[in-house]
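Secondary and tertiary structure notes
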Amino acid sequence: MLRHGPHTAAVTQVGATVREFHTGDRAVLDGFAADEICPAGHGQPLLPWPNRIGDGRYGFGGDEHQLALNEPERGNAIHGLTRWQPWDIVERTEDAVALSTRVYPQPGYPFALELEISYRLDDTGLTVTYGAVNAGTGQLPFGAGQHPYLSPGPGGVDGARLRLAVGSVVEVDERLLPTGLGAVPAGLDFRTARELRGVQLDTCFGGLERGAGGRFTADLTGADGRTVRLWMDGSWRWCQLFSSDPLSGARHRAALAVEPMTCPPDAFRSGQDVIVLAPGQRFDGAWGVGLIP
């Protein structure tokens, strides 16, 4: 358990997942129990790609690659290769932990990749820092994402208001694969904070409007009047929102996933915003979350 002032967070070695994050007795991220299998991607890093790859098949460097279809009902490969992989603790203090793992060449992703993630608590909340290095001898395709669920507190998603300033939306088919990039429709326009009641989201947004320091921010204000703010630095060019509608029981519309992503869905097939790392080349990125005054 990490601690700093009123903040506490728990991070797992399996998947380098942020299992919970609280400020005082208020959940900032919707989490899960220590003896529970991570449900619906709660807090998991998504590496070396976020979201979906249609048919799990893509081309790179003149070769075709076939990934396992771990979303079989839609025929997609989803959310990368490291969600259930053990990570090593590199450094640990009272308020921070750094973890690392290696993706070895394998069917569908025959590349070597060194990965690092650090979680740090400070007065503002939780900061998550990514590092990725091509450890092989040739170029490789790379994308990053994470799947935190912002907690609106009592009342769930239907009792919350969202502010999200974006310029475009990814249009998708029945498999949730992109068919185009369009203007944000009125029903999904959250430039001015408004209620989420009745709004269903499993939607990727682009054209992220940035403020001071190049940061994009999303604000979720619960029925208790508390606002959770998630920020992303310039490494993250896309944001996926998921309103937990398919989840059952107490998790149904209990929290809103706001997912930083470096590339949109199906990027390994489209090539859009895929990061191509040369041997020894490094990617760095950061995002964070906290309650704002």
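Position numbers for residues count from 1 along each chain, tracking the sequence in the order it is written. Local features in a predicted model are, by the rule used here, given only for residues with pLDDT of at least 70; side-chain atom pairs are given and counted only at 80 or more, and totals for whole chains, interfaces and linings are based on all residues. Each side-chain value is derived from all of the structure's non-hydrogen atoms; neither hydrogens nor water enter the calculation.

A separate point is the pairing of strand β18 (residues 168–172). What makes two strands pair is DSSP finding at least two bridges between them. Secondary structure counts use DSSP, requiring at least four H or I residues in a row for a helix and at least two E residues in a row for a strand, with both numbered from the N terminus. Two elements, β18 and strand β21 (residues 202–206), share two bridges in a ladder whose sense is antiparallel. The partner of Ser168 across the bridge, within β21, is Gly206. Where β18 meets strand β19 (residues 178–182), four bridges bridge the pair, whose relative direction is antiparallel. The residue of β19 that forms the bridge with Glu171 is Gly180.

Right, let's get into the pairing of strand β8 (residues 63–66). Of the pairings in the sheet, the one linking strand β7 (residues 57–60) to β8 comprises four bridges and is antiparallel in character. Bridging across to β8, Phe60 finds its partner in Asp63. Following β7, the chain reverses through two residues before pairing antiparallel with β8; Gly61 in that reversal takes a positive phi of roughly 60°.

Glancing now at the confidence of the model for the protein. Residue-level confidence of the predictor, termed pLDDT, takes values from 0 up to 100. Looking at the protein as a whole, the pLDDT averages 98, with 100% of positions reaching at least 70. Averaged over each element, pLDDT in the protein is lowest for strand β20 (residues 190–195) (97) and highest for strand β14 (residues 140–142) (99).

This next bit is on a nonpolar patch on the surface. Only residues whose relative accessible area exceeds 30% and that take part in no salt bridge are eligible for patches, with like-charged residues grouped when within 9 Å of each other and nonpolar side chains (Val, Leu, Ile, Met, Phe, Trp, Tyr) grouped when within 5 Å. Computed by Shrake-Rupley with a 1.4 Å probe, the accessible areas treat only the displayed protein chains as cover when residues are assessed. Criterion for a salt bridge: a side-chain nitrogen of Lys or Arg within 4 Å of a carboxyl oxygen of Asp or Glu. A contiguous nonpolar surface patch, about 350 Å² in accessible area, is contributed by Val14, Ile37 and Trp84. Within the element layout of this structure, Val14 appears in the loop between β2 (7–11) and β3 (18–23).

For the rest of this paragraph, the subject is the nonpolar core. For this analysis, a nonpolar core means a set of buried residues of the types Ala, Val, Leu, Ile, Met, Phe, Trp, Tyr and Cys, connected via side-chain atoms within 4.5 Å. Relative accessibility thresholds used throughout: buried, under 20% of the residue-type maximum; exposed, over 50%; partly exposed, between the two (1.4 Å probe, protein chains only). Membership of the largest hydrophobic core comes to 64 residues, with the highest contact counts inside it found for Phe142, Leu164 and Val289. The element that contributes the greatest number of residues to this core is strand β12 (residues 113–122), accounting for five residues. Listed in part, the five residues of the second largest apolar core include Tyr149, Leu247, Ala255 and Ala257.

So, about the side chain of Thr23. When you line up the elements, Thr23 lands in strand β3. Among the residues examined, Thr23 registers a relative accessible area of 13% and is labelled buried. A polar contact is formed between the side chain of Thr23 and the side chain of His7, at a distance of 2.8 Å. The contacts of Thr23, once residues within four sequence positions are left out, are Pro6, His7, Val28 and Leu291. Each polar contact in these results corresponds to two N or O atoms within 3.5 Å; when the atoms are within protein, one needs to be able to donate a hydrogen and the other to accept it, and residues that are neighboring in sequence are counted only if both atoms are side-chain atoms. Contacts were defined at the residue level, with two residues in contact if any of their heavy atoms lie within 4.5 Å.

Let us now look at the packing of aromatic side chains. Any two of the Phe, Tyr and Trp rings considered here, Trp counted by its six-membered ring, make a pair once their centres fall within 6.5 Å; the pair's planes then place it as stacked at under 30 degrees, edge-to-face at over 60, or tilted in between. Taken as a whole and judged by the stated rule, the model has eight aromatic pairs. Relative to Trp236, the ring of Tyr130 lies with its centre 5.2 Å away and its plane at 85°, an arrangement referred to as edge-to-face. A residue pair is termed long-range when its members are at least 10 positions apart, and Tyr130 in strand β13 (residues 125–134) and Trp236 in the loop between β23 (227–232) and β24 (238–242) qualify at 106 residues. The exposure classification of Tyr130 matches that of Trp236, with both residues buried. Arranged with centres 6.3 Å apart and planes meeting at 75°, the rings of Tyr149 and Phe242 form a pair that is edge-to-face. Residue Tyr149 is located in strand β16 (residues 149–150), and its partner Phe242 is located in strand β24; the two are separated by 93 residues in the primary sequence. Taken individually, Tyr149 and Phe242 each receive the classification buried, so the pair is uniform in this respect. Three or more aromatic residues joined by ring pairs make a cluster, and in this case those are Tyr130, Phe142, Trp236 and Phe283. By definition, being over a ring means that NZ of Lys or CZ of Arg is both within 6 Å of the ring centre and within 35 degrees of the ring normal. Geometry around Phe190 places Arg194 over its ring, the cationic atom sitting 4.3 Å from the centre. Above the ring of Trp231, the side-chain terminus of Arg215 is found at 3.5 Å from the ring centroid.

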